[in-house]
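Fold and contact review
As a plain string of letters, each chain reads:
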Amino acid sequence: MSTNLFDVPGWELGKIVPQKEQTNKKRKVSQERDNDLKKSAAKGQKLKEQVGQKKKQVNLTKSGQQNAENPFANADDFDLSEEDTEEIIPQPEKPKNKKQKGTLEKMKKKLSEGKFRWINEQLYTTTGSKALEMFQKDPQLFDEYHDGFRSAVESWPNNPVDILLSCLKQKPKEIIVADLGCGEGKIGLEAPNKVLSFDLIAKHDKVIACDIAKLPIPDSFFDVVIFCLSLMGTNYVEFLKEAYRVLKPSGELKIAEVVSRFSDINSFIEVLAELGFKLIKKDDTNVMFIMLDFVKTKPRKTKKSKLYHAKDLLKPCVYKKR
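Residues numbered from 1 in each chain as written. Predicted model: local features only at pLDDT ≥ 70, side-chain atom pairs only at ≥ 80, totals over all residues. Heavy atoms only, no water.

A few points about the packing of aromatic side chains
Which entries qualify depends on this criterion: Each aromatic pair joins two rings of Phe, Tyr and Trp (for Trp, the six-membered one) with centres within 6.5 Å, and gets the label stacked for planes under 30 degrees apart, edge-to-face for over 60, and tilted for any other angle. Exposure categories follow from relative accessible area, calculated using a 1.4 Å probe and restricted to protein chains: below 20% of the type maximum is buried, above 50% is exposed, and the middle band is partly exposed. A ring has a charge above it when a Lys NZ or an Arg CZ is no more than 6 Å from the ring centre and no more than 35 degrees off the ring normal.
Per the stated rule, a full pass over the model turns up 7 aromatic pairs. On the basis of an interplanar angle of 75° and a centroid distance of 5.1 Å, the ring pair of Phe262 and Phe268 is categorised as edge-to-face. In this pair, the class of Phe262 matches that of Phe268, namely buried. Of the aromatic side chains, those joined through ring pairs into one cluster are Phe198, Phe221 and Phe222. Sitting over the face of the ring of Tyr244, Lys296 holds its NZ or CZ atom 4.5 Å from the ring centroid.

Have a look at this one:
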């Protein structure tokens, strides 16, 4: 008779696993499950980072191609589809070849041009005081604007700044000149005369930062006042009135302005006459800009003033949306 209770004819019980061994096996299975979960979480995080990286890359391309006119447009609302996440291509830190480098440079140039146009439109469609607030809030915009301006002027046959410098070199060195809206202040740096340069932001210590409608200068101080492509604000008549105030009797006013801005050049000259400036020379031989020379006289009284329509006589430079 068998002493094993489980030794029954026709039955095979098989191997009985001890309780301790079963417990260790459960722990091993649980540990493997935890490891798999950690690996899945790490993989998911990596995929999320790669998706975010490609999203930025796609948004940058969208911004460069479609929003060149407004580089401040929000591109973060662009969503990647499931197909986009199937193949993730990380953005390289540096271009690997000349072709890729050239593409990046073109994209940067296009974005820079778009930003310049946006800033340019703000300056032409707002008052000088509002423009001052904009640049004070973000001084970098001033540099970005003048970088774009410099690039644009390089394609012109002549630079009006150089023409004005030639005129000043023919005048006595002791005269005092005001360069209003001087930008980078080239006239003040290169002219042989005493030049005070004014603009919304001081690019260097030779420039006085202020709103050119409110100059910190006494009456009848300057011999010559210059506006070189700087009658930009919607309140440009206030700039001209301030120029009249700080000019000496019979002082000279020199204006260089883009041709396309004038809707009626003769009416514009009549507005200047109402303000007290007599035209002595007009040079419209350049295809890009017009040069106007005036002298300070007494304001001319008219039955029907054109000052109310001055804003329409000097149009803002705006860009077509593409």
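The structure having been displayed, the exposition proceeds.
Some details on the nonpolar core
Filter applied, for reference: Joining through side-chain atoms within 4.5 Å is the link that ties buried Ala, Val, Leu, Ile, Met, Phe, Trp, Tyr and Cys residues into a set, and such a set is a nonpolar core. Counting from the N terminus, the helices are DSSP H or I runs at least four residues long and the strands are E runs at least two residues long. Whether two residues are in contact is decided by their heavy atoms: any pair within 4.5 Å suffices.
One finds Phe198, Val225, Phe227, Tyr236, Leu253, Ile255 and Phe268 to be the most contacted residues of the largest nonpolar core, which totals 36 residues. Mapped by element, the contributors of at least two residues to this core are β1 (176–180), β2 (194–199), β4 (222–228), α7 (236–246), β5 (247–258), α8 (265–275), β7 (289–296) and α9 (310–313). If near-sequence neighbours (up to four positions away) are discounted, Phe227 is found in contact with Leu180, Ile212, Phe239, Leu240, Ala243, Leu253, Lys254, Ile255 and Ala256. Membership of the second largest hydrophobic core comes to 19 residues, among which are Leu168, Val177, Val195 and Val258.

What about unusual backbone geometry?
One non-glycine residue, Ser220, lies in positive phi territory at about 50°. Its location among the elements puts Ser220 in the loop between β3 (207–209) and β4. Since its relative accessible area comes to 37%, Ser220 is described here as partly exposed.

Section: the layout of surface pockets
This is how the line gets drawn: A cavity here means a set of points on a 1 Å grid, drawn over the protein atoms and nothing else, where a 1.4 Å probe fits but cannot get out; a pocket is an open set with protein on both sides within 12 Å along at least five of seven lines, and a residue lines either one if it has an atom within 4 Å of a point. Grid points are joined across faces, edges and corners, and a volume is the space filled by probe spheres set on the points. Note on residue classes: Ala, Val, Leu, Ile, Met, Phe, Trp, Tyr, Cys and Pro are nonpolar, Asp, Glu, Lys and Arg are charged, and everything else, Gly too, is polar.
If you add up the space inside the largest pocket, you get close to 630 Å³. His146, Gly181, Cys182, Gly183 and Asp199 are the residues nearest the centre of the largest pocket, which is lined by 34 residues in total. Considering each element in turn, the lining of the largest pocket owes the most residues, 6 residues, to helix α4 (residues 140–153). Of the residues contributing to the lining of the largest pocket, the split by class is 17 nonpolar, 10 polar and 7 charged.

Digging into the pattern of salt bridges
Here is the rule: Just to be clear on terms, a salt bridge is a Lys or Arg side-chain nitrogen sitting within 4 Å of an Asp or Glu carboxyl oxygen.
Counted under the stated rule, the structure contains 9 salt bridges. In this structure, Glu257 engages Arg261 in a salt bridge whose closest nitrogen and oxygen atoms are separated by 3.4 Å. On the basis of relative accessible area, Arg261 is assigned to the buried category, the value being 2%. With its nearest N and O atoms 2.9 Å apart, the salt bridge here joins Glu270 to Lys306. Taken together, the residues span a long stretch of sequence, with Glu270 in helix α8 and Lys306 in the loop between β7 and α9 at a distance of 36 residues. Classification of Glu270 by relative accessible area gives partly exposed; the value is 31%. Exposure remark for Lys306: the relative accessible area of 26% places this residue in the partly exposed category.

Examining the pairing of β1
Where we set the bar: Here the rule is simple: two strands pair whenever DSSP picks up at least two bridges between them.
Counted residue by residue, β1 has 4 buried out of 5 residues, so it is predominantly covered. Bridge analysis of β1 against β2 gives 5 bridges, and the strand direction is parallel. Within β2, the residue paired with Leu180 across the bridge is Phe198. As defined by bridge partners, β1 adjoins β4 across 4 bridges and the pair is classed as parallel. Looking at β4, one finds that Asp179 is bridged to Ile226.

Side note on the pairing of β4
Defined as follows: Whether a crossover is right-handed comes down to one check: with the strands pointing away from the viewer, does the path from the first strand over the helix to the second run clockwise; if it does, it is right-handed.
Burial runs high along β4: 6 of the 7 residues are buried. Strand direction decides the pairing type here: β4 and β5, joined by 6 bridges, are parallel. Paired with Val225 across the strands is Leu253, a residue of β5. You can see the chain leave β4, run along α7 and come back into β5, and the turn it takes is right-handed.

Some remarks on the sheet that holds β3
Definition in use: Orientation is described by axes fitted as lines to C-alpha atoms, over the contacting stretch for helices, and by angles from 0 to 180 degrees between their N-to-C directions.
Spatial ordering of the open sheet is given by β3-β2-β1-β4-β5-β7-β6, a layout of 7 strands whose pairing is mixed. The open sheet terminates on both sides in strands that have one partner only, identified here as β3 and β6 (277–283). On average, each strand axis in the sheet is inclined to that of its neighbour by 20°, with strand direction left out of account. Packed onto the sheet, α7 meets β4, β5, β6 and β7 and runs at close to 150° relative to β5.

A short note on the environment of Ile255
Positionally, Ile255 belongs in strand β5. On the basis of relative accessibility, which here comes to 2%, the residue Ile255 falls in the buried class. C-alpha separation for the pair Ile255 and Val225, spaced 30 residues apart in sequence, amounts to 8.6 Å. Beyond its immediate stretch of four places on either side in the chain, Ile255 contacts Phe227, Leu231, Leu240, Phe268, Leu272, Ile290, Met291, Leu292 and Phe294.

Focus: the confidence of the model for the protein chain
Quick reminder of the rule: pLDDT expresses how confident the predictor is about each individual residue, on a scale running from 0 to 100.
Of the residues in the protein chain, 63% reach a pLDDT of 70 or more, and the chain-wide mean stands at 76. When the criterion is pLDDT under 50, residues 11–23 qualifies, and its contacts beyond four places in sequence or with other chains add up to 2 contacts.

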